[in-house]
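Fold and contact review
Given next are the chains, with one letter for each unit.
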Amino acid sequence: MYKHLFLAMAVLTPTLYAPQAMALRTDRTYRVQLEGLPVGTWRLRNRVVETSLACRYTVMWSNLPGPPLGRTTLCRIDEYRASDNFDCEVNRRTFFDTLVAKAPGRCHGFDDFGQQTSISTMVAGEDSSGVLNGILVSASVGDVQSFEVR
């Protein structure tokens, strides 16, 4: 009996102290800014889909008001593989410099007035600390705007 208990402890202990996923981590909430103004938050589903060129994440983009006026929209983004960072599961455990872009299909978010809008283009660079800086084009503004996700 004690032999089985010690064996189980030896197997389970490392999983209790495993590090959290890091590159575009799915365990945290990101703050989104357009042109320096806060417009909402991002949460990523705890699932990454591998495509031939990138790791695809599903983003839940929420606006600022919160309940009962809060809204959440859906957007998918691609984190492109760079250099030796070709395994999506390994990429979730480290930060690295890469390019992040809107994945094909529909993407909705919020503009700097808090209105829900369709995002037609989104491209950002992710640095080794996990901060995204880039540009996007939304249907409501129709112009290129800078955005930051941290």
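As a starting point, this report considers the structure included with it. (Residues numbered from 1 in each chain as written. Predicted model: local features only at pLDDT ≥ 70, side-chain atom pairs only at ≥ 80, totals over all residues. Heavy atoms only, no water.)

With that settled, consider the nonpolar core. Among soluble globular proteins, nonpolar side chains are generally buried collectively. Core analysis: the largest hydrophobic core is formed by 25 residues, its most contacted members being L24, W42, W61, I77, M122 and F147. Broken down by secondary-structure element, the contributors of at least two residues to this core are strand 1 (29-34), strand 2 (37-50), strand 3 (54-62), strand 4 (72-80), strand 7 (116-126), strand 8 (132-138) and strand 9 (144-149). (Core = buried A, V, L, I, M, F, W, Y, C linked by side-chain atoms within 4.5 Å. Buried < 20%, exposed > 50% of the residue type's maximum accessible area, 1.4 Å probe, protein only. Helix = DSSP H or I, 4+ residues; strand = E, 2+ residues; numbered from the N terminus.)

Under the definition given, this model contains two salt bridges. We note a salt bridge from D78 to R56, for which the minimum N-O separation is 2.7 Å. Linking D78 in strand 4 with R56 in strand 3, this pair joins segments that are 22 residues apart in sequence. We note a salt bridge from E148 to R150, for which the minimum N-O separation is 3.1 Å. Judged by its relative accessible area of 38%, R150 is partly exposed. (Salt bridge = Lys/Arg side-chain N within 4 Å of Asp/Glu carboxyl O.)

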